[in-house]
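Below, each chain spelled out in residue letters.
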Amino acid sequence: MTAFALETTKVIPLGEWATSVVDFVTTTFGGLFDVIRVVFTGMYDGVDWALQTPPFWGVILIFAILGVWLRGWVFGAGTVLGLLLIAGIDQWSNAMDTLALVLVSAVIAVALSLPLGILAARSKTASAIIRPVLDFMQTMPAFVYLIPALILFRVGVVPGMVATIVFAMAPGVRLTELGIRGVDSELVEAGKAFGSPPGRILRQIQLPLAMPSILAGVNQVIMLSLSMVVIAGMVGGGGLGRDIVQALSRVDVGLGFEAGVAVVILAIILDRLTAAAGRARLRMPKRALAVLGAGLLVVIGGTAVTAASTAGGDKGTVKVAVFNGWPEGEAASYLWKHVLEKEGYTVRFEYADAGPAFAGLSTGDYDIAFDGWLPTTHAQYLKTYGKNLTDLGAWNDEAKLTIAVNKDAPIDSLDDLASHASTFGDRLVGIEPGAGLTEAVQQKVIPGYGLQKLDFVTSSTPAMLAELSSAMKKGDDVAVTLWRPHWAYDQFDLKDLKDPKGALGAAESIHSIASTDFPKRQPQIAEWVKKFRMSSDLLYSLENAMFNSGADSGQYDRIVAKWMDEHASYVDGLTR
């Protein structure tokens, strides 16, 4: 099996039509989407502030009171234990980010789904139109929504929210329609007989009787919203989704399990609370109301103390875009995070895939990234967004795209790979289909070295690393697409196959790429970064300390601080 497909002419250029529609909408309604983005971001920031500002025990107290009131002491105690576990594994901040995203997305989805469900229940024509649209919304892969969402709403939490809303609102519409249609027709006729107008019948007969079904729809909307947290993590939305994406990119079982457990705990709490809310009395008992009020007063007091203790100022916030699955950039980002914080700046990491990260840099949503590979790997992004980006120069000029094999493999050159394909299971394991390395292999390496009979498997960087790790543990021969510098060379005994035809190109440079206005806003940082240089040996030692020590991401700050102490003369020179 080869990586190529026969070139054919599209009979129906559906993709081109979709592109034209998005371009037209962007040009014509760009201002409207900017307003929507501001509103959605404001709603998210407000809810996130309300969840993040109080001390964690205050939020736990509120959830415990709600749990006891709605479901009893057993569930209240379970809620406390579950949330304490989230805090104990250092996922509290991420969990609250995710909860804010879920709550805002669910509220918007419910606000849209209820009137649509009512309309579908009262009009067969509307129902016939809405149902296939809902089918399309739920079956279309959610990742597809991110492409136009990124264009329309820019990188950050909003594209993830939009994809979540579109995906999650379908059950709200369906169950609202089902509940209203399930109301006994004789009751509706009785209301009409007494002269009640349609609006009053809806408010006082149909909606109250359909409420169990509607609340079940609300519950499903919230659950589907929570299932989409990874989407937000891929486009810079943060939260638990960010850690899950990071764990996937590093094949980090521990981090992935911790973030996954936090998602499960939130899902159970939200599911049980929303399900119980439908069965609870509409008015809270006075005793429960008094306890909840006392709890809120305690939380407000704790919030005031926390705010007072953290008040202060600095030289500004620097938003660093960190590419998911690119360890050299993450290592450099952590190094500069500590350097800049020592100088009085606040540094905030924004994790995203390379494409969304470059888009975010071009719009000023991010300030700087330390992982631009030029002149080949990221050339397309520079071509697309270059006029809105600033190249602050290369900090490493020894980057290289490679085909790597285990060190004891019987070949040393790509010239020999075709004749020894069976040694490697007739497979070459690649990374993402859209990566520059993948394109180089498909367009140059495979035809250049006659590897058309080789099965070039493209999937993702974490999948490639998992395959590499498994083969090395078993002692099997394996061939993968890789690049230098990468921590895999420190963890595994690997060698690069010689490339006598130069199909993978010459060595590349790793550049620091900033938004257009960043050098003007932060000239001192820009000056330091322009002079930044880091040899591959130094980078390997930092990567090895971070990624090959068995530590999780929560320990990276401590590891990097220790590494900086061990290389104090080099670190001091970065801001000299």
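Everything numeric here is computed off the predicted structure, so don't read it as measured data.

A.B. asks: Outline the confidence of the model for the chain, supporting the account with residue identities and numerical values.
C.D. replies: On average, residues of the chain score 84 in pLDDT, and 91% of them are at 70 or above. Within the chain, no element has a lower average pLDDT than helix 13 (residues 286–310), which sits at 48, and none a higher one than helix 21 (residues 523–530), at 95. Of the regions scoring below 50 in pLDDT, residues 1–8 engages in 14 contacts with residues more than four places distant in sequence or in other chains. For residues 298–313, every residue scores under 50 in pLDDT, and the model assigns this stretch 12 contacts once sequence neighbours within four places are set aside.

A.B. asks: Describe in detail the nonpolar core, supporting the description with residues and values.
C.D. replies: By size, the foremost hydrophobic cluster in this structure holds 98 residues, and its most contacted members are Leu335 and Met534. Looking at this core, the element that brings in the most residues is strand 4 (residues 389–406), giving eight residues. Leaving out residues up to four positions away in the same chain, Met534 has contacts with Leu335, Trp395, Asn396, Leu539, Leu542, Trp563 and Tyr570. Phe75, Ala142, Phe167 and Ala168 belong to the second-largest nonpolar core, a separate cluster that totals 65 residues.

A.B. asks: Hey, could you go over the pattern of salt bridges for me, with residue numbers and the actual values?
C.D. replies: Per the stated rule, a full pass over the model turns up 14 salt bridges. One salt bridge connects Arg174 with Asp135, and the closest N-O pair in it is separated by 2.5 Å. Here Arg174, found in helix 7 (residues 157–181), pairs with Asp135, found in helix 5 (residues 124–139); they are 39 residues apart in sequence, far enough to count as distant. Classification of Arg174 as partly exposed rests on a relative accessible area of 29%. We classify Asp135 as partly exposed; its relative accessible area is 38%. Here Asp271 ties to Arg272 by a salt bridge, and the two come within 2.5 Å at their closest N and O atoms. Among the charged side chains, a network of salt bridges with common partners joins Arg131, Glu177 and Arg181.

A.B. asks: Can you explain the packing of aromatic side chains? Please cite residues and give values.
C.D. replies: Using the criterion set out here, one finds 17 aromatic pairs in the structure. Arranged with centres 6.1 Å apart and planes meeting at 0°, the rings of Trp336 and Phe370 form a pair that is stacked. Note that Trp336 is positioned in helix 14 (residues 327–342) and Phe370 in strand 3 (residues 368–374), a separation of 34 residues in sequence. The residues Trp336 and Phe370 share a single accessibility class, namely buried. Each ring, one from Trp395 and one from Phe532, has its centre 5.2 Å from the other, and the planes form 20°; the classification is stacked. One end of the pair, Trp395, is in strand 4; the other, Phe532, is in the loop between helix 21 and helix 22 (536–547), with 137 residues separating them in the sequence. Judged by relative accessible area, Trp395 falls into the buried class, the value being 2%. Aromatic rings pair up to connect Phe323, Trp326, Phe358, Trp373, Tyr381 and Trp483 into one cluster. Lying over the aromatic face of Phe75, Arg71 brings its terminal NZ or CZ to 5.5 Å of the ring centre. In this arrangement the basic side chain of Lys501 is found over the ring face of Tyr449, its NZ or CZ atom lying 4.9 Å from the centre.

Conventions adopted
Residues numbered from 1 in each chain as written. Predicted model: local features only at pLDDT ≥ 70, side-chain atom pairs only at ≥ 80, totals over all residues. Heavy atoms only, no water. pLDDT = per-residue confidence, 0-100. Helix = DSSP H or I, 4+ residues; strand = E, 2+ residues; numbered from the N terminus. Contact = heavy atoms within 4.5 Å. Core = buried A, V, L, I, M, F, W, Y, C linked by side-chain atoms within 4.5 Å. Buried < 20%, exposed > 50% of the residue type's maximum accessible area, 1.4 Å probe, protein only. Salt bridge = Lys/Arg side-chain N within 4 Å of Asp/Glu carboxyl O. Phe/Tyr/Trp six-rings, centres within 6.5 Å; stacked < 30°, edge-to-face > 60°. Lys NZ or Arg CZ within 6 Å of the ring centre and 35° of its normal.

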